[in-house]
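Take a look at the letters that make up each chain.
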Amino acid sequence: MKIQHQGNTLLVGGLTELNAANAGGFRDAVRAALTPQIKQLDVDLSETRFLDSSGLGALIALHKTVAANQGVLRILQPTPTAQQILELTRLHRVFEIVKS
Amino acid sequence: MSGAPNQWVRKFTVEFPCELTGVREACRQSRAELAAAGLGEEELGHWELILAEAGNNAVNYALGWQKHRPVRFEFFVDDQGVEARVQDHGPGFELPDQVELPPPDSEDGRGLFLIKTLSDEAVYYRGKGENWLVLKKKRQATGTPPVAVTTPPPPDDAGTQKLANSEATLDLMTEELASAYESLSTIFRFSAELADQPKPEEFARKWLGEVSKIVAADWFILRLLDEGEGLKLVASSEDLSVREVLSLDNAGEADVSLEMRAASFRMDVWFDALHPVAAVDPLAKLAAQGTGFSHPIVINDRLVGVLSVGRYLSDSVFQAGQVSLIQTFADFLGIQIRNAQFQQQQLQTKLTARELQIAADIQRSLLPKQLPHVPGFQLVGHYQSARQVGGDFYDVVETAEGGLLLAIADVMGKGVPAAMFAAIFRSQLRAAAERATSPATMLTWLNRSLFADLDQVEMFITAQLVYFSPRDRTIQLSAAGHPPLILAGNDGRLQAVENSGMPLGVLADTEYSERAVSLPPGANLLMFTDGLTEARDPEGKLLWLGPLEKCLAQAAKTGQRAEQTKEALIALVEAHQQGIPPGDDQTFLLLAEYRGDSRGKPPQL
């Protein structure tokens, strides 16, 4: 997992999997990097081969954290697998999804 | 599970430790196996997610010791579809037919939705010790057929395939049958031994011990309903100290006690890590860390008792087969105990009736068939037994001197023992007839000879002995704790003649005294037991002496026949009782001077 600051944007990438075993760690690590100045959280899911409901839960938790600071969470370039799960669970309406 | 007859039916099992990282690894492994079975990329992705959600649930729901047991995926793959079974050892959860998505901002609650949505069929079988989530999904037509499928199955193999598919089902059924057989054979053995085990408590303890072993229970407690008292402890596994009685009236307790809840709701009440027992529950100490249940025993819609069975560790939940064995056995035991209690009651009733019959027979045999004839006097006796036979009796012994020893006694006690003592007393009395002229000497001697036996059974006898000398027209009276006798003359004057001493059987060595009384002209002398004066009317009022004395004085004045006086006395008592049966034996002995119907005529006896 890579976390980069770009001005008031935080970019999180390098996520091969977001599952029950690592979702909690992912959420906590990103939260630790969030500051009130950050208005945009970009989560790059382009390498994510596996995403489950726990991973979705972590994304929602982060979305709420950012929204509390008037920020947004965007999903960047989700893999077809991740995209399908987001759609199945109607979360593509909650997150802004940016495709290349 | 291996060695399926057809290669194109693929079966495999993935077992993993009960933790989230274990789930992830198992999903990868399962995906690889399914890929080898020829599933396409998209299907593999779906299965991986389904299994991940199911596996995570199994892990997340497991508690405490349940986490030490592995979780298991079983797969059955053919060219039509995949069936996966996920086994967990947790308390289980509800899987609704329709699973709705949670609100968009909810961080959880999507797992079951994904399982339901991505599979064609998802059914959760909830058992006591283990649960199975059975998931089915058709294979996609676009999926690459498995390598082995290129070899067509032998034409007659359709049946074989079905058989192989059913193998797992058969395994489950075999387990079920084995437990059913266990139940049946236990019950048969139990029934066979029942004939030799007269005490319900004993066979309950023994057989619950056996059943506990079969189902691997650590403890059991059997309580039976006692109408007056509540749920009474009848049997428990060794070394258990639990409260003897649970009162059914204690409403506060009914809410917390497992056993009371099982009794009042008439359904099994379970306890485990998720449903712990209350600290005030009488089973709290036993059930605190464990698992088990209280099962109400209901026969013909009537609560008979409650059986509670448990294990000390909450991870080892009873399996369905074990639960049904316990339930079946408890109900069977309930029927047996009820029957045994009923038989016992019947037997007891019969025994009591028989004992009363014996006592009554002895009692009747003691009474003299015929009273001696004394010139110028009439002698009559009366004995009316109470419902429960007591120990009253009277006797008259003729002495060599031409006198009579009149005896009346009341053995304190009921049934056969009292009747036996009356018999002993009578034979002793007759054996010592040479002492009859001195009733005091006789009582002193009787007390000495009877004391040890009476004292041992904590019984005693009140007695009154009167030696009557017709020639001297005197009586010698001695009494052992007995009511005074009443003496009336033809002038209507009454006297109560008393001579008090301790009842027989109270003091080991006591001397009785006696007093002599001359009989007045036209004497009527009445000796009686307290059952007569203590006859009760329906309100419980006692008759007392007054009416008897009045009756006796009247008899002496008119000089009527003793038989007539006897009838009058009986009528008097019966009138007082107004039909209610006497509570105690009523006995009297009447000696009346009789000069014939008109003066001077000889008596017609």
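Residues numbered from 1 in each chain as written. Chains lettered and ligands numbered in written order. Predicted model: local features only at pLDDT ≥ 70, side-chain atom pairs only at ≥ 80, totals over all residues.

Quick word on the confidence of the model for chain B
Residue and element names in this part refer to chain B.
- On average, residues of chain B score 83 in pLDDT, and 84% of them are at 70 or above.
- Ranking the helices and strands of chain B by mean pLDDT puts strand β20 (residues 524–528) first, with 97, and helix α4 (residues 158–165) last, with 52.
- Every residue in residues 143–155 scores below 50 in pLDDT, and together they form 17 contacts with partners more than four places removed in sequence or on other chains.
- Throughout residues 598–605 the model reports pLDDT below 50, and contacts reaching past four residues in sequence, or to other chains, amount to seven contacts.
- For this predicted complex, the interface confidence comes out at an ipTM of 0.93, alongside a pTM of 0.44. (pLDDT = per-residue confidence, 0-100. Helix = DSSP H or I, 4+ residues; strand = E, 2+ residues; numbered from the N terminus. Contact = placed C-beta atoms within 7 Å.)

Side note on the nonpolar core
- B:Leu406 and B:Leu526 are the most contacted members of the largest nonpolar core, which totals 68 residues.
- Contact partners of B:Leu406, with chain neighbours within four places excluded, come to B:Val396, B:Val466, B:Phe468, B:Met527, B:Leu589 and B:Leu591. (Core = buried A, V, L, I, M, F, W, Y, C linked by C-beta atoms within 7 Å. Buried ≥ 20, exposed ≤ 12 C-beta atoms within 10 Å, placed from the backbone.)

Describing the packing of helix α10 (residues 320–366) of chain B against helix α11 (residues 415–431) of chain B
Residue and element names in this part refer to chain B.
- It is at 8 Å that the axes of α10 and α11 come closest, and there the two elements cross at 20°. By the angle between their directions, the pair α10 and α11 is classed as roughly parallel. As α10 packs across α11, the resulting crossing turns out to be left-handed. Across from Glu355, Leu356, Ile358, Ala359, Ile362, Gln363 and Leu366 in α10, the residues of α11 making contact are Gly415, Val416, Ala419, Met420, Ala422, Ala423 and Arg426.
- Looking at the contact of α10 with α11 residue by residue, the classes come out as ten nonpolar, two polar and two charged. (Axes fitted to C-alpha atoms, helices over the stretch in contact; angles between N-to-C directions. Parallel < 35°, antiparallel > 145°, perpendicular 65-115°, else oblique. Left-handed = near helix turned anticlockwise from the far one by under 90°. Nonpolar A, V, L, I, M, F, W, Y, C, P; charged D, E, K, R; others polar.)

Thoughts on the sheet that holds strand β8 (residues 245–246) of chain B
Residue and element names in this part refer to chain B.
- The six strands lie next to each other as β8-β7-β6-β11-β10-β9, forming an open sheet whose pairing is antiparallel. Bordering the open sheet on either side are β8 and β9 (269–271), each of which pairs with just one other strand.
- In this structure, strand β7 (residues 230–236) lies alongside β8, joined through two bridges in antiparallel fashion. Its bridge partner being in β8, lysine 232 is matched across the sheet by valine 245.
- Here helix α6 (residues 200–215) sits on the sheet in contact with β6 (219–226) and β7, set at roughly 65° to β7. (Pairing = 2+ DSSP bridges.)

Some thoughts on the interface of chain B and chain A
- Every contact between the two is made by 20 residues of chain B and, on the other side, 19 residues of chain A.
- Contributions of two or more residues to the side of chain B that touches chain A are made by α1 (20–36), α2 (41–61) and α3 (111–118) of chain B.
- For the side of chain B that touches chain A, the element with the most residues is α2(B), which contributes six residues.
- Looking at side-chain class alone, the side of chain B that touches chain A contains eight nonpolar, five polar and seven charged residues.

Looking at unusual backbone geometry
Residues and elements named next belong to chain B.
- A positive phi angle, near 60°, is found at alanine 216, a position not held by glycine.
- In this structure, alanine 216 sits in the loop between α6 and β6.
- Alanine 216 sits in the exposed class, given 11 other C-beta atoms within 10 Å.
- Phi at tryptophan 544 is positive, roughly 60°, even though this residue is not glycine.
- On the secondary structure map, tryptophan 544 appears in the loop between α13 (530–533) and α14 (546–558).
- Overall, the presence of 13 C-beta atoms within 10 Å leaves tryptophan 544 in the partly exposed class.

With respect to the sheet that holds strand β21 (residues 586–593) of chain B
All names here are of chain B.
- What the five strands build is an open sheet, ordered β12-β21-β20-β17-β18; its pairing is antiparallel. Edge positions in the open sheet fall to β12 (377–384) and β18 (494–497), since each of these has one partner strand only. The average undirected angle you get between the axes of adjacent strands in this sheet is 15°.
- Pairing analysis gives five bridges linking β20 to β21, with the strands arranged antiparallel. Residue asparagine 524 lies in a different strand from β21, and its bridge partner there is alanine 592.
- α14 contacts β17 (485–488), β18, β20 and β21 of the sheet and is inclined by roughly 35° relative to β17.

Brief notes about the packing of α6(B) against α10(B)
All names here are of chain B.
- At a minimum axis distance of 11 Å, the contact between α6 and α10 shows a crossing angle of 170°. Accordingly, the angle class assigned to the pair α6 and α10 is roughly antiparallel. Side by side, α6 and α10 meet where Pro200, Ala204, Trp207, Val211, Ile214 and Val215 of the first sit next to Gln322, Leu325, Ile326, Phe329, Leu333, Ile337, Ala340 and Gln341 of the second.
- Within the contact of α6 with α10, the residues separate by chemical class into twelve nonpolar, two polar and no charged.

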